[in-house]
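Spelled out from the first residue to the last, the chains are:
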Amino acid sequence: MKARIYITLKSGVLDPQGKAVHHALGALGFEEALDVRQGKYIELELADGTSEARIEEMCRKLLANTVIENYRIEI
Amino acid sequence: MKAAVVVFPGSNCDRDMAVALRDVAGADVEMVWHGEASLPDVDLIALPGGFSYGDYLRTGAIAAKSPIMQAVVKAAEEGRYLLGVCNGFQMLAEAQILPGALLRNANLNYICRDVTLRVEDSDTRFTDSYAAGETIRIPVAHHDGNYFADAETLTQLEDEGRVVFRYLDAVNGSQNDIAGIRNRRGNVLGMMPHPERLVEEDQGGTDGRGLFRALASAFR
C-alpha cells in the first residue's frame, strides 16, 4: 500500500522560500499568483494493513515538525 | 572537567569544539560517534555545528533521532550540561529539548560573518564570565538560523529570562533577534553563533573564550 503525506507550514510561520517563488512568478508576468506557500510531498511504500495510527506516528516523530508544520495523510 | 563532543555524519565543527574545550576550558575531551547507544561519564556534552545528514528533511531532524540522542536527552534530564552550537542548536530544537524551531534565513542567504551579540543572561554556568549586557563579536555561519516560536512560547522565554544571547542588529529574521536560549533549569544552551571559532588571536579574536572559561570554572 502507498501513503501520500503533504507537509505544509502552519499559518503565521514565515515562508521565505514561498515568498521568493511568488516574487519570481510576478517577474514572469503571473500577476494572478497572489501568494505562494511551499511545502513537502512524501510518498511512503508501506506493508499492507499498516494502520493510519502508525502513519500518524511517523509524521509526528519524524516527517513533520509540528512546531511549525501541519501534515495531511492520503491513503 | 570531562566533556564529550558528539560526531554526526556531516558534522564539521566537531574538532574546533574539541580544541576550544581542551585548550580553553582545560577539559578531557572524548569524541563520541552518533551511532553509540551510551555516553561516557562527562560533565558536559557538546553537539557541534555542521550539516548532519546533509540537512535532509529539516536541519537537525535526522540527527535528533540518532541512537546517541536518547542518551543525550537522559543526561540533560539528569542535569548534565548540554551545549548545542549551530546545527547542534537545530538538533536541540528538533529533539524538543529546547522550544521553537530554526527556519530558513529570512533573506534566503547563507550568512557567514561576524555578528555582535548582547549577553542577556550572564547568570548561567555557560556565560558567567561575561557581564550582563556585554556585547561580544562571534561568527555565524548558517542557512537556517531564523528562530521561530509561537507567541506564547516567546513570551514565556522572555519573561523567564531564557534568551541568553541576542543579535544587536537583525541578522536572519529571528523573532526578537534571538541568537541563543536555555532551558528552565539552565543546564542546556542552544545558540546559532560559533563561540568555538573565536578563541585564539590567530582566529581574529577571542570573544568566544568567555564561554569556555565559564565552563572551566564551573567544573573545576
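Above this note sits the structure.
What you see is a predicted model, and the numbers here were worked out from it, not measured in a lab. For every chain, the first residue of the written sequence is number 1, and numbering continues from 1 along that sequence. Chains and ligands are labelled sequentially in the order written, the chains with letters from A and the ligands with numbers from 1. It should be noted that, the model being predicted, local features are given only for residues of pLDDT at least 70 and side-chain atom pairs only at 80 or more, the latter also being counted only at that level, while totals for whole chains, interfaces and linings use all residues. Values shown for side chains rest on all heavy atoms present in the structure; no hydrogens or waters enter the calculation.

**Student:** Whenever I open this one, the environment of Gln70(B) confuses me. Can you help?
**Tutor:** Here Gln70(B) lies in helix H2 (residues 67-77). Each C-alpha atom of the pair Gln70(B) and Gln203(B) lies 35 Å from the other, and the pair is 133 residues apart in sequence. Counting from the N terminus, the helices are the DSSP runs of H or I reaching at least four residues and the strands are the DSSP runs of E reaching at least two.

**Student:** For this particular structure, what's the right way to read the pattern of salt bridges?
**Tutor:** Pairs can form between side chains of opposite charge once their charged atoms are near each other. Basic side-chain nitrogens of Lys or Arg form a salt bridge, by our definition, when they fall within 4 Å of a carboxyl oxygen of Asp or Glu. Within the structure shown, the criterion is met by 19 salt bridges over all chains. A salt bridge links Arg60(A) to Glu56(A), with the nearest nitrogen and oxygen atoms 3.5 Å apart. In this pair, Arg60(A) and Glu56(A) both sit in helix H2 (residues 52-63), four residues apart, roughly one turn of the helix. Here the residues in one salt-bridge network are Lys40(A), Glu69(A), Arg58(B) and Glu94(B), joined through shared partners.

**Student:** For this particular structure, what's the right way to read the layout of surface pockets?
**Tutor:** Here the idea is plain: a probe the size of a water molecule rolls over the atoms and shows the empty space left. The distinction between a cavity and a pocket rests on a 1 Å grid over the protein atoms alone: a 1.4 Å probe fits inside a cavity but cannot get out, while a pocket stays open yet meets protein on both sides within 12 Å along at least five of seven lines, and a residue with an atom within 4 Å of a point counts as lining. Grid points are joined across faces, edges and corners, and a volume is the space filled by probe spheres set on the points. Of the voids in this model, the largest pocket is the one considered here, and its volume is about 500 Å³. Around the largest pocket, the lining is made up of 25 residues, and of these Gln17(A), Lys40(A), Glu69(A), Arg58(B) and Asp144(B) lie nearest the centre. Put simply, Ala, Val, Leu, Ile, Met, Phe, Trp, Tyr, Cys and Pro go in the nonpolar bin, Asp, Glu, Lys and Arg in the charged bin, and everything else, Gly too, in the polar bin. When grouped by side-chain class, the residues that make up the lining of the largest pocket number ten nonpolar, seven polar and eight charged.

**Student:** Just checking my understanding: could you explain the packing of aromatic side chains for this structure?
**Tutor:** In this description, an aromatic ring pair is defined by two values, namely the gap between the centres and the angle between the planes. All names here are of chain B. The criterion for an aromatic pair is that two Phe, Tyr or Trp rings (for Trp, the six-membered ring) have centres within 6.5 Å, with stacked assigned to planes under 30 degrees apart, edge-to-face to planes over 60 apart and tilted to the rest. Inspection of every chain in the model, using the stated rule, returns five aromatic pairs over all chains. Taken together, a centroid distance of 5.3 Å and an interplanar angle of 70° make the contact between Tyr81 and Phe219 edge-to-face. You can see Tyr81 sitting in strand E4 (residues 81-85) and its partner Phe219 sitting in the segment after helix H5 (209-218), a full 138 residues away along the chain. Judged by centre distance (6.3 Å) and plane angle (10°), the ring pair of Phe89 and Tyr147 falls under stacked. One end of the pair, Phe89, is in helix H3 (residues 87-94); the other, Tyr147, is in strand E8 (residues 146-148), with 58 residues separating them in the sequence. For the pair formed by Phe89 and Tyr147, the shared burial category is buried. Through pairs of rings, three or more aromatic residues link up here, namely Tyr81, Phe126 and Phe219. Relative accessible area decides the class of each residue, using a 1.4 Å probe on protein chains only: under 20% of the type maximum gives buried, over 50% gives exposed, and in between gives partly exposed.

**Student:** Even after reading the chapter, I still don't get the pairing of E4(B), so can you show me in this structure?
**Tutor:** On a regular strand, one side chain projects to one face of the sheet and the next to the other, so that they alternate. Residue and element names in this part refer to chain B. The buried count for E4 comes to five of five residues, which makes it a mostly enclosed element. Taking every second residue as pointing to the same face, both faces of E4 are buried, with Tyr81, Leu83 and Val85 on one and Leu82 and Gly84 on the other. The handedness of a crossover follows from its direction of travel: if, with the strands pointing away from the viewer, the path from the first strand over the helix to the second runs clockwise, the crossover is right-handed. Handedness of the crossover is the feature at issue here: the chain leaves strand E3 (residues 44-47), passes through H2, returns alongside E4, and the resulting connection is right-handed. The pairing criterion is simple: DSSP has to find at least two bridges between the two strands. In the sheet, E4 pairs with strand E11 (residues 188-191) via four bridges, with the strands oriented parallel. Looking at the pairing, Gly84 lines up with Gly190 of E11.

**Student:** Honestly, unusual backbone geometry in this entry has me stumped. Any pointers?
**Tutor:** Glycine aside, residues mostly have negative phi angles, and peptide bonds mostly take the trans form. Residue and element names in this part refer to chain B. In this structure, Leu108 is a non-glycine residue whose phi angle is positive, near 70°. Tracing the backbone shows Leu108 in the loop between strand E5 (101-103) and strand E6 (111-119). Judged by its relative accessible area of 28%, Leu108 is partly exposed.

**Student:** Would you mind showing me how to read empty space enclosed by the protein here?
**Tutor:** Residues and elements named next belong to chain B. Evaluation of the coordinates by the stated rule reveals one cavity of 30 Å³ or more. Considered as a void within the structure, the largest cavity measures approximately 70 Å³ in volume. Looking at the largest cavity, the residues that line it are Gly50, Phe51, Asp55, Thr59, Cys86, Asn87, Gln90, Tyr110, Ala141, His142, His143 and Asp144. Contributing elements (two or more residues each) for the lining of the largest cavity: H3 and strand E7 (135-142). Among the residues forming the lining of the largest cavity, the class breakdown is four nonpolar, six polar and two charged.

**Student:** I would appreciate a short explanation of the state of the cysteines in the present structure.
**Tutor:** The rule for a disulfide is simple: a pair of cysteine sulfur atoms within 2.5 Å. For the structure shown, the criterion picks out zero disulfides over all chains. Left unpaired, Cys86(B) is separated from the closest cysteine sulfur, that of Cys13(B), by 6.5 Å.

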